[in-house]
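Spelled out, the chains give:
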Amino acid sequence: MAAGAEGGRNLTFALAERLGGDIVAGRFAGRAFPTEAELAKLHGVSRSVVREAVKMLTAKGLLGAWPRRGTRILPPEEWNLLDPDILKWVSQQDGCGELLRQLREFLTAILPCAAAWKAACAEQSPSPELAADLLRATANPFFVRLAAIVPGVLGSRAP
């Protein structure tokens with residue numbers, strides 16, 4: 001039984017890898033995302049393997065599922081660009097240079113800040129609204145994604 005469970009897990013990861021790469025590459029552009037049954041038949045796996053792979057991709061922000069509307073590919077603005085799998089799939093695409101440049105810009109900006117954070121915590125932080133606006137103003141998708149969490153984090157009373 002354990003070997004079967006491990007095999008199912010490997011099939012799930014392999015399918016998520018394949019579908020994630022296809023989504024990022026735009027191979028489903030202009031058409032509906034396949035149903036669970038279609039994916040199972042196309043890839044020769046069980047529907048439970050498909051279901052788990054779709055859950056994995058949903059957690060990464062690539063897919064959204066709605067009752068009676070089915071599973072849809074979400075726009076890139078919704079993707080978790082900091083997810084290692086998504087970064088790998090994006091970097092495998094032609095024309096990803098701008099996004100990788102933005103990631104390097106993002107890392108270059110935050111690494112010195114991380115080193116100085118302890119000292120900065122003793123001083124007054126900007127308001128959550130101002131911090132979120134500043135992140136959005138960069139137009140860098142990595143900073144923009146952080147803007148959504150700033151009000152909840154900086155606005156909390158946690159020490």
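As the structure is a prediction and not an experimental result, all values here were calculated from the model. (Residues numbered from 1 in each chain as written. Predicted model: local features only at pLDDT ≥ 70, side-chain atom pairs only at ≥ 80, totals over all residues. Heavy atoms only, no water.)

Draft legend 1. The overall build of the chain, seen in detail. A count of helices and strands for the chain gives eight helices and two strands. Across the 159 residues of the chain, 29% fall into the buried class. Contacts in the chain between residues at least 24 apart in sequence constitute 54% of all its contacts with a sequence separation of at least 6. Surface exposure of the chain reaches about 10400 Å², of which carbon and sulfur atoms provide 60%. (Helix = DSSP H or I, 4+ residues; strand = E, 2+ residues; numbered from the N terminus. Buried < 20%, exposed > 50% of the residue type's maximum accessible area, 1.4 Å probe, protein only. Contact = heavy atoms within 4.5 Å. Areas by Shrake-Rupley, 256 points an atom, 1.4 Å probe, with all protein chains shown as cover.)

Draft legend 2. How the structure looks around the nonpolar core. By size, the foremost hydrophobic cluster in this structure holds 33 residues, and its most contacted members are Ile23, Phe33, Leu57 and Leu62. Secondary structure elements with two or more residues in this core: helix 1 (2-25), helix 2 (36-43), helix 3 (47-59), helix 4 (84-91), helix 5 (97-121), helix 6 (128-137) and helix 7 (141-147). What Leu57 contacts, discounting residues up to four positions off in sequence, is Ala16, Leu19, Gly20, Ile23, Leu62, Leu63 and Trp89. (Core = buried A, V, L, I, M, F, W, Y, C linked by side-chain atoms within 4.5 Å.)

Draft legend 3. Structural context of the side chain of Asp83. Assignment of secondary structure puts Asp83 in the loop between strand 2 (70-73) and helix 4. Of the polar contacts made by the side chain of Asp83, one reaches the backbone nitrogen of Asp85; its length is 2.8 Å. (Polar contact = N/O pair within 3.5 Å; in protein donor to acceptor, adjacent residues only side chain to side chain.)

Draft legend 4. Structural context of the pairing of strand 1 (residues 63-66). Looking at chain direction, strand 1 and strand 2 are connected through four bridges and run antiparallel. Counted as the bridge partner of Trp66 is Gly70 from strand 2. Where strand 1 folds back on strand 2, the antiparallel hairpin that results is connected by three residues, among which Arg68 adopts a positive phi of roughly 65 degrees. (Pairing = 2+ DSSP bridges.)

Draft legend 5. Just the packing of helix 2 against helix 3, in detail. Here helix 2 crosses helix 3 at 110 degrees, and the two axes come no closer than 9 Å. What the angle tells us is that helix 2 and helix 3 run roughly perpendicular. Relative to helix 3, the crossing made by helix 2 is right-handed. Contacts from Glu36, Ala37, Leu39 and Ala40 of helix 2 reach helix 3 at Arg47, Val50 and Arg51. Here the residues of the contact of helix 2 with helix 3 sort into four nonpolar, no polar and three charged. (Axes fitted to C-alpha atoms, helices over the stretch in contact; angles between N-to-C directions. Parallel < 35°, antiparallel > 145°, perpendicular 65-115°, else oblique. Left-handed = near helix turned anticlockwise from the far one by under 90°. Nonpolar A, V, L, I, M, F, W, Y, C, P; charged D, E, K, R; others polar.)

Draft legend 6. Spotlight on the packing of aromatic side chains. Going through the model one piece at a time under the given rule, you end up with three aromatic pairs. Taking 5.0 Å as the distance between ring centres and 75 degrees as the angle between the ring planes, the aromatic pair formed by Phe106 and Phe143 counts as edge-to-face. Within this pair, whereas Phe106 is found in helix 5, its partner Phe143 is found in helix 7, the two being separated by 37 residues in sequence. In this structure, Arg69 is placed above the aromatic ring of Trp66, and the distance from its NZ or CZ to the ring centre is 4.7 Å. (Phe/Tyr/Trp six-rings, centres within 6.5 Å; stacked < 30°, edge-to-face > 60°. Lys NZ or Arg CZ within 6 Å of the ring centre and 35° of its normal.)

Draft legend 7. Up close: the environment of Glu129. Within the fold, Glu129 resides in helix 6. Relative accessible area serves as the criterion here: at 52%, Glu129 is assigned to the exposed category. Separated by 18 residues in sequence, Glu129 and Ala147 place their C-alpha atoms 9.0 Å apart.

Draft legend 8. Summary view of helix 3. Here helix 3 is 13 residues long and its end C-alpha atoms lie 18 Å apart, about the 18 Å a rise of 1.5 Å per residue gives. Burial in helix 3 covers these residues: Val49, Val50, Ala53, Val54 and Leu57. Down the axis of helix 3, the buried side of the element spans an arc of 130 degrees, and every buried residue falls inside it. Following helix 3 by one or two positions, Gly61 has its phi on the positive side, about 85 degrees. (Expected span 1.5 Å × (residues − 1). Arc of directions from axis to C-beta.)

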